Amino acid sequence: MMESVTILGVPYLVKLVPVISLDELTVGQIDYLKQEILILEGLGDDLFQVTLLHEVLHGIFNQLGFDEENNEHLIQALSTALYQVLRENKLFS
Ligand SMILES: [Zn+2]
């Protein structure tokens, strides 16, 4: 299990938590101030990895100065597509 991830020089602790948000089904969240990425515990491997990639993309957008709050759809699309291509082609193992 990955315990931390460094995004453009900023280390984030990856934490598995039982609840992220009560009012919606949130599976992941990045906290820039605490430098934490929260992932809902109990996710399957694929959902865990695509969720982590999604939150990493938020971190990249944020770090590069893009307005990532208004780019949720783009981030969702990119994380799903990148995960599929990287995995299917075994670009990283
Ligand atoms: Zn998002």
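Please refer to the structure placed before this passage.
Residues numbered from 1 in each chain as written. Predicted model: local features only at pLDDT ≥ 70, side-chain atom pairs only at ≥ 80, totals over all residues. Heavy atoms only, no water.

Right, let's get into the packing of aromatic side chains. Counting across every chain of the model gives one aromatic pair. Note on F61 and F66: the rings are 5.6 Å apart at their centroids and 50 degrees apart in plane angle, and the pair reads as tilted. (Phe/Tyr/Trp six-rings, centres within 6.5 Å; stacked < 30°, edge-to-face > 60°.)

On inspection of all chains with the given rule, the structure shows two salt bridges. Of the charged contacts, one joins K15 and E36 as a salt bridge, the two residues approaching to 2.9 Å between their closest N and O atoms. Residue K15 is found in strand 2 (residues 10–17), and its partner E36 is found in strand 4 (residues 36–40); the two are separated by 21 residues along the sequence. For K15, a relative accessible area of 32% translates into the label partly exposed. Classification of E36 as buried rests on a relative accessible area of 14%. With its nearest N and O atoms 3.4 Å apart, the salt bridge here joins D46 to R87. (Salt bridge = Lys/Arg side-chain N within 4 Å of Asp/Glu carboxyl O. Helix = DSSP H or I, 4+ residues; strand = E, 2+ residues; numbered from the N terminus. Buried < 20%, exposed > 50% of the residue type's maximum accessible area, 1.4 Å probe, protein only.)

Every protein donor of the zinc ion is accounted for by H54 (NE2), H58 (NE2), E72 (OE) and E72 (OE), and the metal-donor separations fall at 2.0 to 2.4 Å. Each of the four donor atoms bound to the zinc ion contributes to angles spanning 56 to 136 degrees, and the resulting shape is irregular. Mapping the donors of the zinc ion onto the primary sequence gives the spacing H-x3-H-x13-E. Taken together, the residues H58 in helix 1 (residues 45–63) and E72 in helix 2 (residues 72–88) connect sequence positions 14 residues apart. When its relative accessible area of 7% is taken as the criterion, H58 is described as buried. (Donors = N, O, S within 2.8 Å, 3.2 Å for Na, K, Ca; no water. Tetrahedral: all angles 85-135°; square planar, octahedral: opposite > 155°, others 65-115°.)

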